[in-house]
Structures are given as structure tokens and as C-alpha cells.
Amino acid sequence: MRISVVLPVYNEAASVADAVAAILSAPLLPEDDLEIVAVDDGSSDESADILEALAGNEPRLRLVRHEKNQGKGAALRTAFAAAEGEVVIIQDADLEYDPTDYDSLLEPIRSGRADVVFGNRFGSRSHRVLYFWHYVGNKWLTTMSNIMTGLNLSDMEVGYKVFRREVLAGMTLRSKRFGIEPELVQKVARGNWRVYEVPVGYYGRTYSEGKKITWKDGLAAIWHIIRFRFSR
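Residues numbered from 1 in each chain as written. Predicted model: local features only at pLDDT ≥ 70, side-chain atom pairs only at ≥ 80, totals over all residues. Heavy atoms only, no water.

### What about the packing of helix α1 (residues 16-24) against helix α2 (residues 47-57)?
At step 1: It is at 9 Å that the axes of α1 and α2 come closest, and there the two elements cross at 35°. Of the residues in α2, those touching α1 at V16, A17 and V20 are S47, I50, L51 and L54.
At step 2: By residue class, the composition of the contact of α1 with α2 is six nonpolar, one polar and no charged. (Axes fitted to C-alpha atoms, helices over the stretch in contact; angles between N-to-C directions. Helix = DSSP H or I, 4+ residues; strand = E, 2+ residues; numbered from the N terminus. Contact = heavy atoms within 4.5 Å. Nonpolar A, V, L, I, M, F, W, Y, C, P; charged D, E, K, R; others polar.)

### Observations regarding unusual backbone geometry
At step 1: One non-glycine residue, N11, lies in the positive phi region at around 50°.
At step 2: With respect to the secondary-structure elements, N11 resides in the loop between β1 (2-9) and α1.
At step 3: Of note, the phi angle at N192 is positive, near 55°, even though the residue is not glycine.
At step 4: Topologically, N192 is positioned in the loop between α7 (180-190) and β7 (195-199).

### Observations regarding the pairing of strand β6 (residues 161-164)
At step 1: Note: strand β4 (residues 87-90) against β6, three bridges, orientation antiparallel. When the sheet's bridge partners are listed, I89 is paired in β6 with V162.
At step 2: Here three bridges tie strand β5 (residues 116-120) to β6, and the two strands are oriented antiparallel to one another. Paired with F118 across the bridge in β6 is K161. (Pairing = 2+ DSSP bridges.)

### Points about the environment of M148
At step 1: As for its position among the elements, M148 is in helix α5 (residues 132-149).
At step 2: You can call M148 partly exposed: its relative accessible area is 22%.
At step 3: Separated by 78 residues in sequence, M148 and I226 place their C-alpha atoms 7.6 Å apart. (Buried < 20%, exposed > 50% of the residue type's maximum accessible area, 1.4 Å probe, protein only.)

### Thoughts on the pattern of salt bridges
At step 1: All chains considered together, the criterion is met by 16 salt bridges.
At step 2: Between K161 and E181 there is a salt bridge, and its shortest N-O distance comes to 2.7 Å. Here K161, found in strand β6, pairs with E181, found in helix α7; they are 20 residues apart in sequence, far enough to count as distant.
At step 3: Overlapping salt bridges, with partners in common, bring together R2, D33, E35, R62 and E84 in one network. (Salt bridge = Lys/Arg side-chain N within 4 Å of Asp/Glu carboxyl O.)

Purely geometric stuff here, so don't read any function into it on its own.
Now the structure itself:
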């Protein structure tokens, strides 16, 4: 398969080179054709310069730049439009998620059983223990999303989401920030696509280490879950 890994980047100078290296060394089949579409979302640090230098030496890496910061959703929308693969994987540049999970994430699509695969941070894989209220909030949002969609997901907000190209081609996405996560879930459910979950490792960061999502994004997610359930 031709696989596009989309990499939204905002002020990740400390980790973005390691993220690209990890993606390039991820376990894929020898016949797979990999591309990385990195979108620098108006970073104020050296992230864009690092990516530009890496892209100059790595033909599988393409860089798209936003002049101003617009949010993760906007970066993903740009990346989806630029991606050319049959399958698209979302990868965060902070390496909270490990590309060694690609093989298990892709398996349900390779076998023809799934159109969409979501990771599950709360499955049997290892994960860093951090914030109790983040966990509670995620479970509450996931339950609310499941009520609205009829799906039975374990982890709606998970960063690892994998799509066959046809799934994304049928969507008109609107979210600019972290509302992109519930929006993608709502529109996958509306399209009646076959959805699988796969346990993934999770190595979450603290706020002092650069974590960006806050309680305000949790409140916004509630609005987006309701909004996209009833909008057309």
C-alpha cells in the first residue's frame, strides 16, 4: 500500500526530528510506499527549519507551512488534502504515540476487515500514568460521543486514527483545533464505515514537557460532539 503519515507540528523542535526518524523506521511491509506529510502550523520555534532541513535529504518527507498558527484541526485538514496514500495515519509530533504500533494499526485494513482503525490507550498495552481527571474527562467525552454516534469506542480522543482514503475523501471537515477528534468520529459514524480498535502504547507528556491540550479543549469537545451530531 501507499501509506501517508500526516504529521501536524506546532513548536515541537525538541522532538520533531526524532518523530520523523521513528516514522521512517516503523515496521511496514517491504512493498509499502511511505510518505510523510508534515504541516508546520506557524511554529515560533525552530520546528519548520528542522523539517525543511530533513526534507532536503529525505524524499519521503514533504513539508507544508502555515504562516500563522491555526490549530491541530487546521493542520490535519491541510495534511489530508496533500496526502496521496491509499491509507492515512495521523501521527503526533510529540511522540506520545509510538510508530512501532503501525503494524497492528494497519492489520485490520490490510486484511480487508476495516475502513477506519482507532487506537485505544486503555487497552492491554503499556502507558504512562499521569492525570486522573484527564482520564475521567476522556471517558466522559467518549461515552457522550458514543451516545451521539451509536459507536462503542473506548477512546474517542486518541491521537492514532487511521483511514482508508475513501473515508476522508467523503468528509468536509471544519474544526481548527482539537475539535477535529470528535468531528472525525461523528463523520465516520455518519458514513457507516467499518471501524476497528487496536490497543496502542501511550507515553503522555506533562504540561512542563510541552503538553498543549487543556480543560478548555475538553469543554469545547462537548460543544463539537453536539454540534456535529446535528449539523449537516
